[in-house]
Amino acid sequence: MKEKYQKFVSVVVVGGGQAGLSASYYLGKSDIDHVVLERSERFHAWKNDRWDSFCLVTPNWQCRLPDWEYKGKEPHGFMPKDEIIDYLEGFVESFDPPLHEGVQVIRVDQRPDGKVEVESPDCIWIASAVIMATGSYDRQIKPTFAEKLHPSITQISSKDYKRPSDIPEGMCMVVGTGQSGVQMMEDLWLAGRKVCLSVGTAPRSPRIYRGRDATDWLYEIGEYAVPIDQQPNPEATEAKTNHYLSGRDGGHEIDLRDYASKGLQLFGTVDDINGFDIHFSQNLEENLDKADESYLRICGMIDDYIDRMKISAPLEPKFEKKWHPPKETNHVNAMESGITSILWCTGFVADYSWLKVDCLGPRGRPRHKRGIGEAEGIYFLGLNWLHTWGSGRFLSVAEDAEHVVEDIKKSLTGAPC
């Protein structure tokens, strides 16, 4: 076997998305020699893992990459996929990072001398620090009973869905009601396709409330700046599913009860499959209620803030549930119901199988404090709730990257941390 050549560098950044390249920006600004290793192409997930009608669900003004804030004409709009990619590409072109695309990292390990080895198929990089910026969406969470679905029914991952024409003729059952699930359901619905929805426990949020976007209110209140260690239950906060709403067509909230009143068939959580038989927990009403509770909790926070600050804002009509399940359904036969496909929108987890350093907790989540790992020279960026709500988003990834690079800079110069 051919021996791999070695290269020495102060820092290796693993991942060429917005988190890794934000770190590169601050490393370059601090004159720290480094490389960014991206297994595919930069911003691969934005370019290839989103559907055609995808757009941001947070307003454009929240796009705050390092010295590259959104400067367009619609700060309160929601960029569609192509504009997001243009925004990201503009960021890269603004500082020309040392980016190596098409380089798969197959191992990260610590050496006895305290250095870190980062192995690719052709090279072993030896560095003082490694920043893992590979995100939280590597491997789809899919129930094991999916294997028991009859092979004549097409199974599609949310990463593979691009447009309604990808779905076979007939009824598509969307499973999962996180942001992707409800937006893909809506995409099919608006295209006039037959679609039904298995409703999970994801929360929902208002879009416009008391005259402003709810995210504007929450930012002003300071909700997005509360660190994870100040949350009432940090572990539960980390595990939360994102609230569902949409930025499509100028932005709107999504009320599944409203869709049901218009004819969308809703089911509880899928809990088993056997051939054509799909079984559900009888928790549809419960899950809809939980989503509404989240919605009302956000409304209540905004109301309290308006009252406390004596802000003049329009009133909202009294909240009313638009629909109730007439009867919980615990089973359907796909063949009899015309279901020809299932679109799995059941979430993702990070894949650190290549990380050989003992730095992960029992749930596979890195052990760190605002991205600074417990293990020497190991850092993380771009994770949901790395530090605050905005850590895994455009809003706060720059702040986290600057913090991590500052710690690396101190460790390289020997300055006290």
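One can find the structure itself at the top, above this paragraph.
Residues numbered from 1 in each chain as written. Predicted model: local features only at pLDDT ≥ 70, side-chain atom pairs only at ≥ 80, totals over all residues. Heavy atoms only, no water.

Chemist: Quick question: what am I supposed to make of the overall build of the protein chain here?
Modeler: Scanning the protein chain from N- to C-terminus turns up 10 helices and 23 strands. Taking 417 residues into account, the globule formula puts the C-alpha radius of gyration at 22 Å, and the protein chain, at 23 Å, falls close to it. By residue count, 53% of the 417 residues in the protein chain fall in the buried class. Sequence separation of 24 or more characterises 71% of the internal contacts of the protein chain that already satisfy a separation of 6 or more. Accessible surface computed for the protein chain: about 19,600 Å², of which carbon and sulfur atoms make up 48%. A gap of 1 Å separates the mean positions of the 48 positive and 64 negative side-chain charges of the protein chain. (Helix = DSSP H or I, 4+ residues; strand = E, 2+ residues; numbered from the N terminus. Rg over C-alpha atoms; globule rule 2.2 N^0.38 Å. Buried < 20%, exposed > 50% of the residue type's maximum accessible area, 1.4 Å probe, protein only. Contact = heavy atoms within 4.5 Å. Areas by Shrake-Rupley, 256 points an atom, 1.4 Å probe, with all protein chains shown as cover. Lys, Arg positive; Asp, Glu negative; His and termini not counted. Charge placed at Lys NZ, Arg CZ, Asp CG, Glu CD.)

Chemist: It is not clear to me how the pairing of strand β17 (residues 277-280) should be interpreted in this structure. Could you clarify?
Modeler: Burial along β17 is one-sided: I278 and F280 are buried, and none of D277 and H279, which face the opposite way, are. Pairing of strand β16 (residues 270-274) with β17 involves four bridges; the strand directions are antiparallel. Note that in β17 the partner of I273 across the bridge is I278. What sits between the antiparallel neighbours β16 and β17 is a turn of two residues, in which G275 has the positive phi angle 70°. (Pairing = 2+ DSSP bridges.)

Chemist: Any chance you could explain the sheet that holds strand β18 (residues 331-333) here in plain terms?
Modeler: The pairing of strands in a sheet happens through backbone hydrogen bonds and is either parallel or antiparallel. Read across the sheet, three strands follow the order β16-β17-β18 without closing on themselves; strand pairing throughout is antiparallel. In the strand order of this sheet, the two ends are held by β16 and β18, each with one partner. Neighbouring strand axes in the sheet, compared pairwise and without regard to direction, differ in orientation by 20° on average. (Axes fitted to C-alpha atoms, helices over the stretch in contact; angles between N-to-C directions.)

Chemist: I keep staring at the side chain of Q231 and nothing clicks. Help me out?
Modeler: Along the chain, Q231 turns up in the loop between α5 (214-221) and α6 (234-238). Discounting residues that sit within four places of it in the chain, Q231 has contacts with V226, T237 and W385.

Chemist: Explain the environment of L315 to me, please; I cannot follow it from the model alone.
Modeler: Looking at the secondary structure, you find L315 in the loop between α8 (284-309) and β18. Along the sequence, L315 and L264 sit 51 residues apart, while their C-alpha atoms lie 30 Å from each other.

Chemist: For this particular structure, what's the right way to read the packing of aromatic side chains?
Modeler: The geometry of an aromatic ring pair is captured by the separation of the ring centres together with the interplanar angle, meaning the angle of the planes. Inspection of the entire model under this criterion finds 17 aromatic pairs. Residues W46 and F394 carry aromatic rings whose centres are separated by 5.4 Å and whose planes lie at 15° to one another, so their mutual orientation is stacked. Taken as a pair, W46 in helix α2 (residues 44-48) and F394 in the loop between β23 (378-380) and α10 (397-413) lie far apart in primary sequence, 348 residues in all. With respect to class, W46 is no different from F394; both count as buried. (Phe/Tyr/Trp six-rings, centres within 6.5 Å; stacked < 30°, edge-to-face > 60°.)

Chemist: I tried to follow helix α3 (residues 81-93) on my own but got confused; where do I start?
Modeler: Because the α-helix completes a turn every 3.6 residues, residues three or four places apart line up on one side. Over its 13 residues, α3 extends 19 Å from the first C-alpha to the last, a length consistent with the 18 Å expected when each residue adds 1.5 Å. Taken as a whole, α3 has its buried residues at K81, I84, I85, Y87, L88, E89, G90, F91 and V92. Residues of α3 that are buried sit in contact with α1 (18-29), α2, β3 (64-65) and β4 (68-69). (Expected span 1.5 Å × (residues − 1).)

Chemist: What am I meant to see in the sheet that holds strand β15 (residues 265-267) here?
Modeler: Strand order in the open sheet made by the five strands is β10-β19-β11-β12-β15, with parallel pairing throughout. Both edges of this open sheet fall to β10 (154-157) and β15, since each of them pairs with a single strand only. Sheet twist, expressed as the average angle between the axes of neighbouring strands with direction ignored, equals 25°. The pairing of β10 with strand β19 (residues 339-344) spans four bridges and is parallel. Each residue of the ladder has a partner; that of I156, found in β19, is L343.

Chemist: I tried to follow the side chain of R107 on my own but got confused; where do I start?
Modeler: Along the chain, R107 turns up in strand β6 (residues 107-110). On the basis of relative accessible area, R107 is assigned to the buried category, the value being 18%. Polar contacts involving the side chain of R107 include one to the side chain of E117, which spans 2.9 Å. At 2.7 Å, the side chain of R107 forms a polar contact with the side chain of E119. Apart from residues no more than four positions distant in its own chain, R107 is found in contact with E117, V118, E119, I124, W354 and K356. (Polar contact = N/O pair within 3.5 Å; in protein donor to acceptor, adjacent residues only side chain to side chain.)

Chemist: Is there a simple way to explain the nonpolar core in this structure?
Modeler: Soluble globular proteins: nonpolar side chains tend toward being buried together. Formed by 89 residues in total, the largest nonpolar core has its most connected members in V12, I131, L256 and L266. It is strand β8 (residues 123-132) that contributes the most residues to this core, seven residues altogether. With residues up to four places along the chain from it excluded, the contact list for L266 reads L197, V199, L256, A260, L284, L288 and W323. With 19 residues, the next largest nonpolar core counts I153, I273, I278 and I342 among its residues. (Core = buried A, V, L, I, M, F, W, Y, C linked by side-chain atoms within 4.5 Å.)

Chemist: How should I be thinking about the pattern of salt bridges in this particular structure?
Modeler: Pairing between side chains of opposite charge can happen when the charged atoms of each approach one another. Within the structure shown, the criterion is met by 37 salt bridges. The shortest N-O distance in the salt bridge between E238 and R363 comes to 3.1 Å. With E238 in helix α6 and R363 in the loop between β20 (348-349) and β21 (368-369), this residue pair connects regions lying 125 residues apart in the sequence. On the basis of relative accessibility, which here comes to 23%, the residue E238 falls in the partly exposed class. In this structure, R257 engages D289 in a salt bridge whose closest nitrogen and oxygen atoms are separated by 2.7 Å. A residue pair is termed long-range when its members are at least 10 positions apart, and R257 in helix α7 (residues 256-261) and D289 in helix α8 qualify at 32 residues. A relative accessible area of 1% means that R257 is categorised as buried. Put simply, R204, E253, D255, R257, E285, D289, D292 and K321 are held in one network by salt bridges that share partners. (Salt bridge = Lys/Arg side-chain N within 4 Å of Asp/Glu carboxyl O.)

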